[in-house]
Amino acid sequence: MEALVIVAHGSHLNSESSTPTFAHADTIRATGAFDEVREGFWKEEPPFREVLRTVESDEVYVVPLFISEGYFTEQVIPRELRLAEWDPAQWDSDGTSATHTTLTPTDVDKRVHYCGPVGTHDAMSDVVVQRAESVTGDPDVGEGFGLAVVGHGTERNENSAKAIEYHAERIAAMDRFDEVRPLFMDEDPEVDDVTDYFESEDVVVVPLFIADGYHTQEDIPEDMGLTDDYRTGWETPAEVDGHRIWYSGAVGTEPLMADVVLERAADAGADVEAAIDRVRAETTGADVAGH
Amino acid sequence: MNEDQVEALAEAAADRVEFDGFAAAREGEGYVLATEEGSETLVHESDLGEAAADYADYVTNWYFWHAGAPQAEDRWAFLRWLEDAGERPVPDRYDALAGDGVTTAWGQLRVTVTADADGRRRYALRHEDDAGAADAEVTDYDDPLDAREIAKHDDYDRYRPLKTAPTLRTGWRFPDLRPAALVRAVDFLYPASVANWHRERAGELDVSHWRETVERQSGIYGVVETWDRQEGYEHVNWVAEACCVDSQCLKRREWEYDAETDLDVDGGDGEFPCREPCSLVIAAARQWTKLEGEQPRTYEFELTPSEKEQVEDIIDAVAEGRTGDVREGDVYDGANRYRARFLRAKRFDDEGTLCGVPTDPDGDDDE
Ligand code: SF4
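Cut-offs used in this document
- Residues numbered from 1 in each chain as written.
- Chains lettered and ligands numbered in written order.
- Predicted model: local features only at pLDDT ≥ 70, side-chain atom pairs only at ≥ 80, totals over all residues.
- Heavy atoms only, no water.
- Helix = DSSP H or I, 4+ residues; strand = E, 2+ residues; numbered from the N terminus.
- Rg over C-alpha atoms; globule rule 2.2 N^0.38 Å.
- Buried < 20%, exposed > 50% of the residue type's maximum accessible area, 1.4 Å probe, protein only.
- Areas by Shrake-Rupley, 256 points an atom, 1.4 Å probe, with all protein chains shown as cover.
- Lys, Arg positive; Asp, Glu negative; His and termini not counted.
- Charge placed at Lys NZ, Arg CZ, Asp CG, Glu CD.
- Contact = heavy atoms within 4.5 Å.
- Near = heavy atom within 4 Å.
- Nonpolar A, V, L, I, M, F, W, Y, C, P; charged D, E, K, R; others polar.
- Buried area = accessible area lost by both parts, 1.4 Å probe.
- Salt bridge = Lys/Arg side-chain N within 4 Å of Asp/Glu carboxyl O.
- Polar contact = N/O pair within 3.5 Å; in protein donor to acceptor, adjacent residues only side chain to side chain.
- Pairing = 2+ DSSP bridges.

1. With respect to the overall build of chain B
Each helix and strand counted, chain B has 13 helices and eleven strands in total. Taking 2.2 N^0.38 as the reference for a compact globule, 367 residues should give roughly 21 Å; the C-alpha atoms of chain B span a radius of gyration of 29 Å, well beyond that estimate. For chain B, the spread of C-alpha atoms along the principal axes amounts to about 100 × 50 × 35 Å. Taking all 367 residues of chain B together, the buried fraction comes to 46%. Surface summary for chain B: the accessible area is close to 19500 Å², and the carbon and sulfur share equals 45%. When the 41 basic and 86 acidic side-chain charges of chain B are each reduced to a single mean position, those positions are 5 Å apart.

Encoded structure:
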């Protein structure tokens, strides 16, 4: 039997933190590609420490629902899953090129295929574009539009900025949007000054975050000037300094994210091609979190 | 009992079947069927169906546990436990399963198992407080995945970060689950509880005590380890008393200070174990590590005896989660809102400082 285990951060405070994890897990469950699908969390239950024992399968694909490679994917998750033989070198990554490795946990009799995070997979660029289509309601959005990919800066994690830049470059290379730029919360180019960085009147802003929460629903909208008080909400698009800002909320709530989870498992050897086709076909519609 | 079951029995009897007080074996041209109650029948193979009908409960019981129930050891054991299968003989058990069913508690859950004439089990799952609720008072669900949403918020719509807090919401029911779906629903409500319970029964629960758990922490939680620097483990007693007792968490705490040093606080009576300090306890411990780094000071406050007791009442009400139950007009309770507001009006200065006594008399700042 084969299981997919999606591991995510979760929250002690925000009940919406786990929503995208559950939604993507359900999308994949519905394909029947795995005998079992289970979610595990750092701050919720089952915890990373105990998630592997909740599945019956002896082959387990573990996909971290995290944006970047770093502290969580390289230290916390492998340690808590008791992948004693883990060494970050097994991913042979430059910060955005992690793939997968196969390990044996010390507490359960299973083979774990430990995959890189969804956030640095190439397919994530497509999810950002899909997010832009969702928020504008235009499947051909691009011409006349700028696109900003937003993340934390290097302060928290050097690779976090790398992931943002990586996808911004890839999307720029698609030649679809007039301008594409990475923006950051705690360093230049800062998201606060979003309108300074774009000539296009219309700018889609996609934060590369897994779940909606404080940063994506309070901080960023206020910093960009979409609203003075996040509690009163904002327009989409919102007028800021002569630009129309189409703010999408966390990319992680985009249904197409389920595809990236599957791609990670496929890269690690899971036979899920049919599921990938199905999910790609199905998830070009509405937003899972309803934003 | 149906034909498939008889066929399966005939096949399995070739290697001899022995299960829950029933035995079936190939003998010559026929079979011997026997029960622990002493009944024994020898039949020709062409009459197996008829003879098996006399043992229908035993046969369908055997069939269910080998072809109907999930075979993963922990799930199988849990479902067996739910109907007391190891202990209760088949005839007695089947009487109960055919009637009102067998009901068992699991945390705040109430599971009732029934069986039909073919021995197929069905499980009804609900909150123990809804045991007597009328159909119209509960919302029915059939997809175990919905259990995740049920587990998210309590009856006051407050988020439940700890799934085993005794605050599971009421007003829902899974009236008719198959065996595998029942286990999944339970695992969404109390994640990993079945797996850890089973490990414990097998003598294989991998407990991580306080000391090793805090030593394992890194990042912003690495600091918790330093809380242990002084001799003793009294602070860990306080943590366990604050977070882990039955009134706060339904898991039975099996972790101690370390493998040699037990805590003085009781672990509770929960059915399923807690094998290591959870993320909520670690997050709280991080805050306590910071706060407990402070040195005590002597403050002088002027309070009437009743005011001192009122402070105790208020702390107690918050600690017991009782503040919402204090009635608006109950001015006899120290934790009543008007009483608390009166105390604040009288004893706090404009900066919100108790009796005007600065927190830090030597500092420039009252904070
Ligand atoms: S550490 Fe305490 S509060 Fe946390 S799950 Fe265990 S018993 Fe419950």
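Having seen the structure, we can now continue with the description.
2. A closer look at the overall build of chain A
In terms of regular secondary structure, chain A is built from eight helices and ten strands. Against the 2.2 N^0.38 benchmark of 19 Å for 291 residues, chain A shows a C-alpha radius of gyration of 19 Å, consistent with a compact globule. With the C-alpha coordinates of chain A rotated into their principal frame, the extents come out at 60 × 35 × 35 Å. Within chain A, contacts between residues separated by at least 24 positions form 70% of all contacts whose residues are at least 6 apart in sequence. Carbon together with sulfur atoms contributes 42% to the accessible area of chain A, which is approximately 10800 Å² in total.

3. Quick look at the site of the ligand
What surrounds the ligand is the set B:L162, B:C243, B:C244, B:C249, B:K251, B:W255, B:C274, B:E276, B:P277, B:C278 and B:V281. Here the residues of the shell around the ligand sort into nine nonpolar, no polar and two charged.

4. Structural notes on the interface of chain B and chain A
Across the contact, 33 residues belong to chain B and 33 residues belong to chain A. Buried area between chain B and chain A, summed over both chains or domains, comes out near 2700 Å², and the portion from carbon and sulfur atoms is 40%. Taken as a group, B:R148, B:Y159 and B:R216 account for 22% of the area that chain B buries against chain A, more than any other trio of residues on that side. Inspection of the region where chain B meets chain A yields eleven salt bridges. B:D187 is the salt-bridge partner of A:R38, the closest N and O atoms lying 3.1 Å from each other. Linking chain B with chain A are 26 residue pairs in polar contact (both at pLDDT 80 or more). Listed by contribution, the elements that provide at least two residues to the side of chain B that touches chain A are α4 (73-82), α6 (147-152), α7 (179-189), α8 (193-201) and α11 (279-291) of chain B.

5. Considerations on the pairing of strand β7 (residues 121-127) of chain B
Residue and element names in this part refer to chain B. Burial analysis of β7 places six of its seven residues in the buried class, which makes it a mostly covered element. As paired strands, strand β6 (residues 109-115) and β7 are joined by seven bridges and run antiparallel to one another. Along β7, the bridge assignment pairs L109 with H127. Where β6 folds back onto β7 in an antiparallel hairpin, the turn is made up of five residues, including G119, whose phi is positive at roughly 80°. Pairing between β7 and strand β9 (residues 172-177): three bridges, direction antiparallel. Looking at β9, one finds that Y123 is bridged to L177.

6. Thoughts on the side chain of B:Q310
Examined against the element boundaries, B:Q310 turns out to sit in helix α12 (residues 305-319). With near-sequence residues (within four places) excluded, B:Q310 lies in contact with B:G334, B:R339, B:A340 and B:L343.

7. Thoughts on unusual backbone geometry
A cis amide bond links A:D188 to the next residue, A:P189, at an omega of -15°. If you trace the backbone, A:P189 turns up in the loop between β7 (179-184) and β8 (202-207). For the bond from A:T236 to A:P237, the omega torsion is 0°, close enough to zero to count as cis. Among the structural elements, A:P237 can be located in the loop between α6 (214-223) and β9 (238-240). One non-glycine residue, A:D175, lies in positive phi territory at about 60°. Take A:D175: its relative accessible area is 70%, and that puts it in the exposed class. Here B:R16, not a glycine, exhibits a phi torsion of approximately 70°, which is positive.

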